[in-house]
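Here is what each chain is made of, one letter per residue.
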Amino acid sequence: MPRALLLSSCIALTALAASSTTHAQQAPNGTLQIYGRLNTSVERTRIEGQPSVMGLQNNESFWGLRGQEDLGGGMQAGFILEHGFELDTGTPTEASYFNRKSEVNLSGSFGMLRMGRMISEAYYATADVVNMHNFDTGSSADALYTWVSNGANHVSWRLPEYQGLTVELGTSLHEKQTEPNRNAWDLAANYELGSLTLGLGHNRWGVAEQTTLRATYTIGPWTLAGYAQHSHGWDQAHDQVDGSQRMRNMGRMAIQYADGPSEYHLNLGYAGKVGGEADTQAMQWTLAYNYNFSKRTKLYALYTRVNNHERASYLTDEQGVGFSSIALGMRHYF
C-alpha cells in the first residue's frame, strides 16, 4: 500500500473512532463500553513419553464491545460482541471474527430475550464457577467437563429474577447445516441464599445429554465449591455428538483461601468409568497461587496435571497418556 494512502486510511480511522466515542458519550440514552481480558503465561508443558516444551501460552484472551440503550418504560436494548485472539501471536482463535460472542438483546419486566452466538449458560452456572483459580482458562482448564453445546444460531429467554433465583432457557437452531439435525437445548439456573449459592446446568443435543449440579459456600476467607455431572452421547475428544458414547459420571471440587491480595487454590476433578468399563477413569488436579495487585490485574503461578488410566485419553487424545504443566502468568482486565 502506498505510504500516502496508508496515512490517509489511518487518519480516517482515527477520526471515525473519535466521532463514535463522542457520539456514545453524548447519547443521552445509550452507552458503549470497550472491555476485554489479556491472559498469558510462560509454561513448561509435558505429555508423557514426549520431551517437555517451554513456551508462551495464551489463556483465552479477548476484547469486546458492549452497548445498551434505554428505551423507556423499563425496557432496554443491548448487544455484546467478543473477539478471541492468541495473545502470544496476535492471531484470531477462530476464522470468524466475533468468534466468542455476538448477540443482541432486549430486556424489561418480562426478563431478557437474547439472540446470536453465545457461550453456554449451563456451563457458566456450574463448571465456570468452580474453576476459580484462573476462570477455567489455559492448560489448567477443566478437561473433564462435558459440554454438549452448540452456541451458534442461539435464542434464549432469561426469566425475571425471583427471590434470588434466575433461570434461562435457550436453543441453538440447527438450520439443517449441522449434525445432528436437531436443535441444541440449554437450561441454566442459579440460586443465591446468603453465603450459599447453587447452580443447575442441563444440555441436550440429539442423543447427547448432560446434567450438572453445583454448590458454592463462602465462610470468612474460605470459598468451597464443587459440582457433579452425569452425561452420555458426547465425544469428549472431538467435542461432538456421538451415540456410541456411553454414560459417564464426573465431579470436581475446589478450595480457595484468600489472605489480603494473596489467594491459594486447590482444584481436583475425577471422571468415573465410561459405561462401567474398567480403566476409563481420569483425574485432574491443580495447585495455584494468585497475587492480586487490583481487581483487574494479577500475577499467578500454578501446577496442573491430568492422570489418565489405561483406556482414558482426556486432554492428550492418547489412551493412558498423562499431561502436566507448570506456569507463571499474568492476567489483566480492561
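Refer to the structure above for everything that follows.
All chains use their own residue numbering, which begins from 1 and follows the written sequence. Note on the predicted model: pLDDT of at least 70 is required for a residue's local features to be given, and 80 or more for side-chain atom pairs to be given and counted; whole-chain, interface and lining totals, by contrast, use all residues. Hydrogen atoms and water are omitted, and side-chain values are computed over all heavy atoms in the structure.

Enquirer: Whenever I open this one, the side chain of Asn134 confuses me. Can you help?
Expert: Only DSSP runs of H or I reaching four residues or more are called helices, and only runs of E reaching two or more are called strands; each is numbered from the N terminus. Within the secondary structure, Asn134 is located in the loop between α3 (127-130) and β7 (154-158). We define a polar contact as two N or O atoms separated by no more than 3.5 Å, with the added condition that, inside protein, one atom must be a possible hydrogen donor and the other a possible acceptor, whereas residues neighbouring each other in sequence contribute only through side-chain atom pairs. In this structure the side chain of Asn134 is engaged in a polar contact, spanning 3.3 Å, whose partner is the side chain of Asn39. Each residue touching Asn134, except ones within four places of it in the same chain, is listed here: Asn39, Asn59, Lys298 and Tyr300. Any two residues whose heavy atoms approach within 4.5 Å at even a single point are treated as in contact.

Enquirer: I'm lost on the nonpolar core in this one. Help?
Expert: Looking at soluble globular proteins, one finds that nonpolar side chains tend to be buried together. Here, nonpolar core means buried Ala, Val, Leu, Ile, Met, Phe, Trp, Tyr and Cys residues that are tied together by side-chain atoms lying within 4.5 Å of each other. Summary of the burial criterion: residues with accessible area below 20% of their type's maximum are buried, those above 50% are exposed, and those between are partly exposed, where the area comes from a 1.4 Å probe applied to protein chains only. With 18 residues, the main nonpolar core has Leu144, Tyr227 and Tyr314 as its most contacted residues. Of all the elements in the fold, those that place two or more residues in this core are α3, β12 (222-232) and β15 (248-259).

Enquirer: Honestly, empty space enclosed by the protein in this entry has me stumped. Any pointers?
Expert: Leftover empty space is mapped by rolling, across the atoms, a probe with the size of a water molecule. Only protein atoms enter the calculation, which uses a 1 Å grid: trapped sets of points that fit a 1.4 Å probe without letting it out are cavities, open sets showing protein on both sides within 12 Å along at least five of seven lines are pockets, and any residue with an atom within 4 Å of a point is a lining residue. Grid points are joined across faces, edges and corners, and a volume is the space filled by probe spheres set on the points. Scanning the model with the defined rule gives 1 cavity of 30 Å³ or more in all. If you go around the largest cavity, you meet 16 residues; those closest to its centre are Ser120, Glu121, Ser149, His154 and Asp186. Sorting the residues of the lining of the largest cavity by element identifies β7, β8 (165-172) and β9 (184-193) as the ones contributing at least two each. Throughout this entry, Asp, Glu, Lys and Arg are counted as charged residues, while Ala, Val, Leu, Ile, Met, Phe, Trp, Tyr, Cys and Pro are counted as nonpolar. The remaining residues, Gly among them, count as polar. Of the residues assigned to the lining of the largest cavity, the class counts are 4 nonpolar, 9 polar and 3 charged.

Enquirer: Quick question: what am I supposed to make of the packing of aromatic side chains here?
Expert: Each aromatic ring pair is specified by the distance between its two centres and by the angle formed by the two planes. Paired rings are identified among Phe, Tyr and Trp, the last through its six-membered ring, by centres lying within 6.5 Å, and are further divided according to the angle between planes into stacked (under 30 degrees), edge-to-face (over 60) and tilted (the rest). Under the definition given, this model contains 14 aromatic pairs. On the basis of an interplanar angle of 85° and a centroid distance of 5.9 Å, the ring pair of Tyr145 and Trp147 is categorised as edge-to-face. You can call Tyr145 buried: its relative accessible area is 3%. By relative accessible area, which is 31% here, Trp147 ends up partly exposed. Members of the aromatic cluster, connected to one another through ring pairs, are Tyr123, Tyr124, Tyr145, Trp147 and Tyr227. Ring-over charges, as used throughout, are those where CZ of Arg or NZ of Lys falls within 6 Å of the ring centre and within 35 degrees of the ring normal. The cationic tip of Arg100 hangs over the ring face of Phe62; the distance from NZ or CZ to the ring centre is 4.2 Å.

Enquirer: Sorry, what's going on with the pattern of salt bridges here?
Expert: A side chain of one charge can pair with a side chain of the opposite charge when the charged atoms of the two come close. A side-chain nitrogen of Lys or Arg and a carboxyl oxygen of Asp or Glu constitute a salt bridge if their distance falls within 4 Å. On inspection of all chains with the given rule, the structure shows 14 salt bridges. As a salt-bridge pair, Arg305 and Glu48 come within 3.0 Å of each other at their nearest N and O atoms. Of this pair, Arg305 sits in strand β18 (residues 297-308) while Glu48 sits in the loop between β1 (30-47) and β2 (53-58), placing them 257 residues apart in sequence. Two residues, Arg158 and Glu121, come together in a salt bridge whose shortest N-O distance is 3.8 Å.

Enquirer: How should I be thinking about the side chain of Asn59 in this particular structure?
Expert: Within the secondary structure, Asn59 sits in the loop between β2 and β3 (61-72). A distance of 3.1 Å separates a polar atom in the side chain of Asn59 from a polar atom in the side chain of Ser41. One polar contact links Asn59 to Tyr300, side chain to side chain, over a distance of 2.8 Å. Among all residues touching Asn59, those that are not within four sequence positions of it are Arg37, Asn39, Thr40, Ser41, Glu43, Asn134, Thr137, Gly138, Ser139 and Tyr300.

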